Amino acid sequence: SVRSEVFALLDAVVTDAWNDRLRESLAAEKRLVTCMRDLEANVDRFVDALVAGKISQSIYDRQVVRLEEKQAQLKIQIEAAKPPEIDLAVTLVFAQNLLEDLPGCWNRLNWQQKRPFVWALYPQGLTYADGGIGTPQTPWLLTQIGADSGSGNGLAPPTGFEPVFPP
């Protein structure tokens, strides 16, 4: 069984990482929105210059097309900078449930999901030697949840297991 301290630590680490990512995303979005406002101000200046007769229509058209292309690129970047909308508490409960039942989780995965799942648990990869699957070092998380305790741990047997290669 997983100790509650492990989940408390996992929650704290994930929450800190999420908050850092959220701050970075919001800062990037703010910078991009400022750039968008600057581009809009430049378009306004070209409109003013055209109306005042300081530039020709062809110069205006060329410059505004260039600025509109930059605006379109910025819109895409602004959308990409926005952090995904998730409920962190729900996500952490889901992760805890997953970690409490790794064998059941493995058995519910389809074949496309199994490789990333294995790499998430064993970032150094797995090797197949002498009829068995192993890893040079048991990941810290698995030592904390008892997944390395040997036989009788309830893990799904590796029958039909295809060699897993890095993604």
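Calculation notes
Residues numbered from 1 in each chain as written. Predicted model: local features only at pLDDT ≥ 70, side-chain atom pairs only at ≥ 80, totals over all residues. Heavy atoms only, no water. Salt bridge = Lys/Arg side-chain N within 4 Å of Asp/Glu carboxyl O. Helix = DSSP H or I, 4+ residues; strand = E, 2+ residues; numbered from the N terminus. Axes fitted to C-alpha atoms, helices over the stretch in contact; angles between N-to-C directions. Parallel < 35°, antiparallel > 145°, perpendicular 65-115°, else oblique. Left-handed = near helix turned anticlockwise from the far one by under 90°. Nonpolar A, V, L, I, M, F, W, Y, C, P; charged D, E, K, R; others polar. Core = buried A, V, L, I, M, F, W, Y, C linked by side-chain atoms within 4.5 Å. Buried < 20%, exposed > 50% of the residue type's maximum accessible area, 1.4 Å probe, protein only. Contact = heavy atoms within 4.5 Å. Expected span 1.5 Å × (residues − 1). Arc of directions from axis to C-beta. Polar contact = N/O pair within 3.5 Å; in protein donor to acceptor, adjacent residues only side chain to side chain. pLDDT = per-residue confidence, 0-100. Lys, Arg positive; Asp, Glu negative; His and termini not counted.

*Asks:* Would you mind going over the pattern of salt bridges in detail, with residue names and values included?
*Replies:* In the structure shown here, the tally under the stated rule is three salt bridges. Of the charged contacts, one joins lysine 82 and glutamate 79 as a salt bridge, the two residues approaching to 3.1 Å between their closest N and O atoms.

*Asks:* Account for the environment of leucine 99, naming residues and giving values.
*Replies:* Within the element layout of this structure, leucine 99 appears in helix H3 (residues 88-100). It is 9.3 Å that separates the C-alpha atoms of leucine 99 and phenylalanine 7, two residues lying 92 residues apart in sequence.

*Asks:* So what about the packing of helix H1 (residues 4-51) against helix H2 (residues 57-81)? Which residues, and what values?
*Replies:* It is at 9 Å that the axes of H1 and H2 come closest, and there the two elements cross at 165 degrees. Judged by the inter-axis angle, H1 sits roughly antiparallel to H2. Between H1 and H2 lies a crossing whose hand is left-handed. Tallied by class, residues from the contact of H1 with H2 come to 16 nonpolar, six polar and four charged.

*Asks:* Explain the nonpolar core to me, using residue names and the numbers behind them.
*Replies:* Core analysis: the biggest nonpolar cluster contains 14 residues, and Leu32, Phe46, Ile55, Tyr60, Leu67 and Leu74 have the highest contact counts within it. Put simply, the parts of the chain that give this core at least two residues each are H1 and H2. At seven residues, the largest contribution of residues to this core is made by H1. Ignoring any residue separated from it by four or fewer positions in sequence, one finds leucine 67 in contact with Leu39, Asn42, Val43 and Phe46.

*Asks:* Explain the packing of H1 against H3 to me, and be specific about the residues and the numbers.
*Replies:* Packing of H1 against H3 leaves a shortest axis separation of 11 Å and a crossing angle of 140 degrees. If you check the angle between H1 and H3, you find them oblique. Once H1 is placed against H3, the crossing between them reads as right-handed. Taking contact as the criterion, the partners of Phe7, Leu10, Asp11, Val14, Thr15 and Trp18 in H1 are, on H3, Leu88, Leu92, Gln96, Leu99 and Glu100.

*Asks:* A description of H3 should follow, citing residues and the corresponding values.
*Replies:* For H3, which comprises 13 residues, the first-to-last C-alpha distance of 18 Å matches the rise-based estimate of 18 Å (1.5 Å per residue) to within 8%. All of the buried residues in H3 are Leu88, Leu92 and Leu99. On an axial view of H3, the arc spanned by its buried residues comes to 40 degrees, and they lie on one face. Residues of H3 that are exposed and point more than 90 degrees away from the buried face comprise Val90 and Phe94. Capping of H3 at its N-terminal end is provided by aspartate 87; its side-chain oxygen lies 3.2 Å from the backbone amide nitrogen of alanine 89.

*Asks:* I'd like a description of the confidence of the model for the protein, backed by residues and values.
*Replies:* Across the protein, the average pLDDT comes to 81, with 81% of residues at 70 or higher. No element of the protein has a lower mean pLDDT than helix H6 (residues 140-145), at 65, and none a higher one than H2, at 94. In this model residues 147-161 is a low-confidence stretch, pLDDT under 50, and it forms 16 contacts with partners more than four residues away in sequence or in other chains.

*Asks:* Talk me through the side chain of glutamate 29; I want residue IDs and the actual numbers.
*Replies:* Assignment of secondary structure puts glutamate 29 in helix H1. Of the side chains with opposite charge, lysine 82 lies nearest to the buried glutamate 29, which makes no salt bridge, at 4.2 Å. Those residues in contact with glutamate 29, other than ones at most four positions away along the chain, are Ile78, Ala81 and Lys82.

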